[in-house]
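# Coordinate analysis (summary)
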Amino acid sequence: MVKVALEAWLSGIELSLDQKILAQICLALAEDFDAKANTSTAAELRKTYLELKRSIGDTDSADPLDALLKR
């Protein structure tokens, strides 16, 4: 679910090499989160996703992963 959403978001973005690496890390974390739903994975995914957003200049303050970390 999360991985599919990230893939859809990433499909329309031109990425540099560093950004592609961050994107692959995001996708791996999303796949792990989809399989196990660990909050520690969600926290790492959120951190990596926000770093990727910053690196591409996305200034939208929306954080879709925030809800995953609230219990």
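Residues numbered from 1 in each chain as written. Predicted model: local features only at pLDDT ≥ 70, side-chain atom pairs only at ≥ 80, totals over all residues. Heavy atoms only, no water.

### Points about the overall build of the protein
A tally of helices and strands in the protein yields three helices and zero strands. Counting helices and strands in the order they occur from the N terminus, the protein gives α-α-α. Burial status across the protein gives 30% buried among its 71 residues. Of the accessible surface of the protein, which amounts to about 4,600 Å², a share of 55% is contributed by carbon and sulfur atoms. (Helix = DSSP H or I, 4+ residues; strand = E, 2+ residues; numbered from the N terminus. Buried < 20%, exposed > 50% of the residue type's maximum accessible area, 1.4 Å probe, protein only. Areas by Shrake-Rupley, 256 points an atom, 1.4 Å probe, with all protein chains shown as cover.)

### Focus: the pattern of salt bridges
Oppositely charged side chains are able to pair whenever their charged atoms sit close together. Across all of its chains, the model carries four salt bridges by this definition. Here E31 and K3 are joined by a salt bridge, their closest N and O atoms 3.7 Å apart. Highlighted residues: E31 in helix α2 (residues 17–36) and K3 in helix α1 (residues 2–10), separated in sequence by 28 residues. On the basis of relative accessibility, which here comes to 46%, the residue E31 falls in the partly exposed class. Between R54 and E51 there is a salt bridge, with its nearest N and O atoms 3.3 Å apart. (Salt bridge = Lys/Arg side-chain N within 4 Å of Asp/Glu carboxyl O.)

### Considerations on the packing of α1 against helix α3 (residues 39–55)
The N-to-C vectors of α1 and α3 enclose an angle of 5°; their axes lie 13 Å apart at closest approach. Between α1 and α3, the angle is such that the two are roughly parallel. In this structure, α1 contributes V2, L6, W9 and L10 to the contact, and α3 contributes L45, Y49, L52 and K53. (Axes fitted to C-alpha atoms, helices over the stretch in contact; angles between N-to-C directions. Parallel < 35°, antiparallel > 145°, perpendicular 65-115°, else oblique. Contact = heavy atoms within 4.5 Å.)

### Brief notes about the nonpolar core
In terms of nonpolar packing, the biggest core is built from 15 residues, with V2, L6, L10, C26, L45 and L52 touching the most fellow members. Of all the secondary-structure elements, those providing two or more residues to this core are α1, α2 and α3. Examining the composition of this core, we find that seven residues originate from one element, α2, more than from any other. (Core = buried A, V, L, I, M, F, W, Y, C linked by side-chain atoms within 4.5 Å.)

### Focus on the packing of α2 against α3
Here α2 crosses α3 at 155°, and the two axes come no closer than 9 Å. The angle between α2 and α3 places the two elements in the roughly antiparallel class. Both α2 and α3 take part in a crossing whose hand is left-handed. Mapping the contact onto sequence places Q19, L22, A23, I25, C26, L29, A30, D32 and F33 in α2 and T41, A42, E44, L45, T48, Y49, E51, L52 and S55 in α3. Counted by class, the contact of α2 with α3 contains 11 nonpolar, four polar and three charged residues. (Left-handed = near helix turned anticlockwise from the far one by under 90°. Nonpolar A, V, L, I, M, F, W, Y, C, P; charged D, E, K, R; others polar.)

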